[in-house]
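Observations on the model geometry
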Amino acid sequence: MAITAAQVKELREMTGAGMMDCKKALTATEGDMDKAVEFLREKGLATAQKKASRVAAEGLCKTLVAEDGKKAVVVEVNAETDFVAKNEKFQSFVADVAAQALTTTAADTEAFLAEAWALDTTKTVNEVLAAQIAVIGENMNIRRFAQVEENEGFVASYTHMGGKIGVLVDVATDVVNENIQEMARNVAMQIAALKPQYTDRSEISEEYIEHEKEILLAQIKNDPKESQKPEKVILGMINGRINKEMKEICLLDQVYVKAEDGKQSVANYVAAVAKENGANITIKGFVRFETGEGIEKKEEDFAAEVAKQMGN
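Everything numeric in this text was worked out from a predicted model, so none of it was measured. (Residues numbered from 1 in each chain as written. Predicted model: local features only at pLDDT ≥ 70, side-chain atom pairs only at ≥ 80, totals over all residues. Heavy atoms only, no water.)

Considering the environment of Ala-156
Relative to the helices and strands, Ala-156 is located in strand β6 (residues 153-160). For Ala-156, a relative accessible area of 8% corresponds to the buried category. Sequence spacing of Ala-156 and Leu-64 is 92 residues, and the spatial spacing of their C-alpha atoms is 9.7 Å. Excluding its chain neighbours within four sequence positions, the residues that come into contact with Ala-156 are Val-167, Leu-168, Val-169 and Ala-184. (Helix = DSSP H or I, 4+ residues; strand = E, 2+ residues; numbered from the N terminus. Buried < 20%, exposed > 50% of the residue type's maximum accessible area, 1.4 Å probe, protein only. Contact = heavy atoms within 4.5 Å.)

In structure tokens:
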């Protein structure tokens, strides 16, 4: 089958591999994008994780924590342009959405959109959204929300880059004071900056680990020098690379960004704060929203758009 330039471009953006390598991978896999990514990884030409697709939608992530600190929510509301995202009317609407999402019993966004709007119960959330679209003049979308509740501690929140990223952290602790709250905020900032996928290794399935080992083994076999090494050495190399990957994708294994020695892990940082404050602290989980992540951005031809508006 013929491989298009658009397919090559997409694979290149996903993996960071060279153009010819991407074309070769797509040809070998008959245009199957997922298999092409695996092909490149086995050849050692792509990173372990697909690169996030270019941020498509603009908008805002908003966090809100209940007064007692036991419950919090993060919402993402999208608009077409960054200009609207900075609009006071849009930001006020997002704040109202967050306030409702903090107390909603809706299980998903669809149910949330169907429920009565708290500030005017004669309308649904979706109807109020439609009215906002009419006023602001851009397409908008309440994309998602997530609640976190912790009765044996508190929920910390952090918003980065004016709402581009919103983070909640579930902190179980028998002591709550300014030092521990500062620690939780620092952990939330870590999550915003380094984008971990898991809290700790217990969340990672054995299937995932085995799959990664298979990929690493294929990489080694495709390397003329490394493939000649003894099996014991190869297994050691694979385990070493797996451990390195865990330190990148697991929050508690990551190097704490504010560590003075550049070596302290997040887990050790949390343990040190717990010891200093006579507390038992567990980071139970987190939620990280980034505006527009995973949404394809429509590429606009500005000149063509202007010509269209002028009737040419």
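Now that the structure has been shown, the text picks up again.
So, helix α7 (residues 125-136)
With 12 residues, α7 should reach 16 Å at 1.5 Å per residue; the first-to-last C-alpha distance of 16 Å fits that figure. Within α7, burial applies to Val-125, Val-128, Leu-129, Gln-132 and Ile-136. The buried residues of α7 all sit within an arc of 105 degrees when viewed along its axis, so they share a single face. Looking at the buried positions of α7, the neighbouring elements they touch are α4 (82-85), α5 (88-103), α6 (109-114), β3 (116-117), β4 (120-124) and β5 (140-149). Gly-137 sits one or two positions beyond α7 and adopts a positive phi of about 85 degrees. (Expected span 1.5 Å × (residues − 1). Arc of directions from axis to C-beta.)

A word on the sheet that holds strand β2 (residues 71-79)
Read across the open sheet, the 3 strands follow the order β1-β2-β5; overall the sheet is antiparallel. Looking at which strands have only one partner, the edges of the open sheet turn out to be β1 (58-65) and β5. Each strand of the sheet is rotated relative to its neighbour by a mean of 15 degrees, with strand direction disregarded. Bridging between β1 and β2 involves 8 bridges; their strand directions are antiparallel. Each bridged residue has a counterpart across the sheet, and for Leu-60 the counterpart in β2 is Val-77. (Pairing = 2+ DSSP bridges. Axes fitted to C-alpha atoms, helices over the stretch in contact; angles between N-to-C directions.)

A closer look at the pattern of salt bridges
Counted by the stated rule, this structure contains 13 salt bridges. Across the pair Glu-150 and Lys-284 runs a salt bridge, and its minimum N-O distance is 2.9 Å. Of this pair, Glu-150 sits in the loop between β5 and β6 while Lys-284 sits in strand β8 (residues 281-290), and the two are 134 residues apart along the sequence. With a relative accessible area of 47%, Lys-284 lands in the partly exposed category. (Salt bridge = Lys/Arg side-chain N within 4 Å of Asp/Glu carboxyl O.)

Observations regarding the sheet that holds β6
One open sheet holds the 3 strands; their spatial order is β6-β7-β8, and the pairing between them is antiparallel. Each having just a single partner strand, β6 and β8 make up the two edges of the open sheet. Strand-to-strand twist of the sheet, defined as the mean angle between neighbouring strand axes without regard to direction, takes the value 15 degrees. Here 9 bridges tie strand β7 (residues 165-173) to β8, and the two strands are oriented antiparallel to one another. Within the sheet, the bridge partner assigned to Val-169 lies in β8 and is Phe-286.

As for unusual backbone geometry
Positive phi is not limited to glycine here, since Met-161 has a value of about 55 degrees. By the element assignment, Met-161 lies in the loop between β6 and β7. Met-161 gets classed as exposed once you look at its relative accessible area, which sits at 56%. One non-glycine residue, Lys-195, lies in positive phi territory at about 50 degrees.

Topic: the side chain of Thr-291
Along the chain, Thr-291 falls in the loop between β8 and α12 (302-309). By relative accessible area, Thr-291 is classed as buried at 3%. At a separation of 3.2 Å, a polar atom in the side chain of Thr-291 contacts the main-chain carbonyl oxygen of Gly-163. (Polar contact = N/O pair within 3.5 Å; in protein donor to acceptor, adjacent residues only side chain to side chain.)

Quick look at the packing of aromatic side chains
Centre-to-centre distance and the angle between the planes together describe a pair of aromatic rings. As enumerated under the stated definition, the model contains 4 aromatic pairs in all. Consider the rings of Phe-112 and Phe-145, whose centres lie 5.2 Å apart with planes at 45 degrees: the pair is tilted. Of this pair, Phe-112 sits in helix α6 while Phe-145 sits in strand β5, placing them 33 residues apart in sequence. For Phe-145, a relative accessible area of 17% corresponds to the buried category. Judged by centre distance (4.0 Å) and plane angle (10 degrees), the rings of Tyr-256 and Tyr-269 are stacked. (Phe/Tyr/Trp six-rings, centres within 6.5 Å; stacked < 30°, edge-to-face > 60°.)

Considering the pairing of β4
Each regular strand displays side chains that alternate between the two surfaces of the sheet. Sheet topology places β3 next to β4; 2 bridges connect them, and they run antiparallel. Its bridge partner lying in β4, Trp-117 is registered against Asp-120.

Quick look at the environment of Val-255
Looking at where Val-255 falls in the secondary structure, it is placed in the loop between α10 (231-249) and α11 (266-276). With 130 residues separating them along the chain, Val-255 and Val-125 place their C-alpha atoms 42 Å apart. Aside from chain neighbours lying at most four places away, what touches Val-255 is Gln-190, Leu-194, Gly-262, Lys-263, Gln-264 and Ser-265.

Digging into the nonpolar core
Within the largest apolar cluster, 27 residues are counted, with the highest numbers of intra-cluster contacts made by Val-169, Met-183, Val-187, Val-270, Ile-281 and Ile-283. Breaking this core down by element, the ones donating at least two residues are β6, β7, α8 (178-194), α11 and β8. It is α8 that contributes the most residues to this core, 7 residues altogether. Setting aside residues up to four positions removed in sequence, Met-183 forms contacts with Tyr-269, Val-270, Val-273, Ile-281 and Ile-283. Within the second largest apolar cluster, 25 residues are counted, among which are Leu-60, Val-77, Val-84 and Phe-145. (Core = buried A, V, L, I, M, F, W, Y, C linked by side-chain atoms within 4.5 Å.)

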